[in-house]
Amino acid sequence: MAGKKGDYFGLGYLVSLILAIIPFTAWICGIITRFSEGKIIAGILRIFFGCWIIWLVDLILMIVSKHILRLLNV
């Protein structure tokens, strides 16, 4: 875990995975992560559609590829 970085705020993969498992924290962390990357439109979409659909996809992608969904890179 020393060299591996997760997708939430540069935290380790295990911490990011734990945050991704809990729906509310995954929703909030996903929104904050996208806004901090400067992806305003993607952050706004996560506010409206991030509750269940994107949370489930984020969880699966975090387990498989160690990254959250990058729906828009705008």
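All figures in this text were calculated on a predicted structure; none of them were measured in a lab.

**Concerning the side chain of T33**
You can see T33 is positioned in helix α2 (residues 23-36). Not counting residues up to four positions away in its chain, the partners in contact with T33 are D7, Y8, F9 and I68.

**Thoughts on the nonpolar core**
One finds Y8, Y13, L17, A20, A26, C29, W55, L59, M62 and I68 forming the largest nonpolar core, which totals 10 residues. Those elements that place two or more of their residues in this core are α1 (13-21), α2 and α4 (53-65).

**Side note on the packing of aromatic side chains**
Across all of its chains, the model carries 2 aromatic pairs by this definition. Taking the centre distance of 6.1 Å and the plane angle of 50 degrees together, the rings of F24 and W27 count as tilted. Residue F24 and its partner W27 are both found in helix α2; the two are separated by 3 residues, about one turn of the helix. Relative to W55, the ring of W52 lies with its centre 5.7 Å away and its plane at 85 degrees, an arrangement referred to as edge-to-face.

**Considering the packing of α1 against α2**
Following both chains from N to C, one finds α1 and α2 inclined at 115 degrees, their axes separated by 5 Å at the closest point. The angle between α1 and α2 falls in the class roughly perpendicular. Contact residues: α1 offers L19, A20 and I21, while α2 offers P23, T25, A26 and C29. Considering only residue class, the contact of α1 with α2 consists of 6 nonpolar, 1 polar and no charged.

Conventions and cut-offs
Residues numbered from 1 in each chain as written. Predicted model: local features only at pLDDT ≥ 70, side-chain atom pairs only at ≥ 80, totals over all residues. Heavy atoms only, no water. Helix = DSSP H or I, 4+ residues; strand = E, 2+ residues; numbered from the N terminus. Contact = heavy atoms within 4.5 Å. Core = buried A, V, L, I, M, F, W, Y, C linked by side-chain atoms within 4.5 Å. Buried < 20%, exposed > 50% of the residue type's maximum accessible area, 1.4 Å probe, protein only. Phe/Tyr/Trp six-rings, centres within 6.5 Å; stacked < 30°, edge-to-face > 60°. Axes fitted to C-alpha atoms, helices over the stretch in contact; angles between N-to-C directions. Parallel < 35°, antiparallel > 145°, perpendicular 65-115°, else oblique. Nonpolar A, V, L, I, M, F, W, Y, C, P; charged D, E, K, R; others polar.

In short, the description is geometric, and any link to function would need to be established separately.
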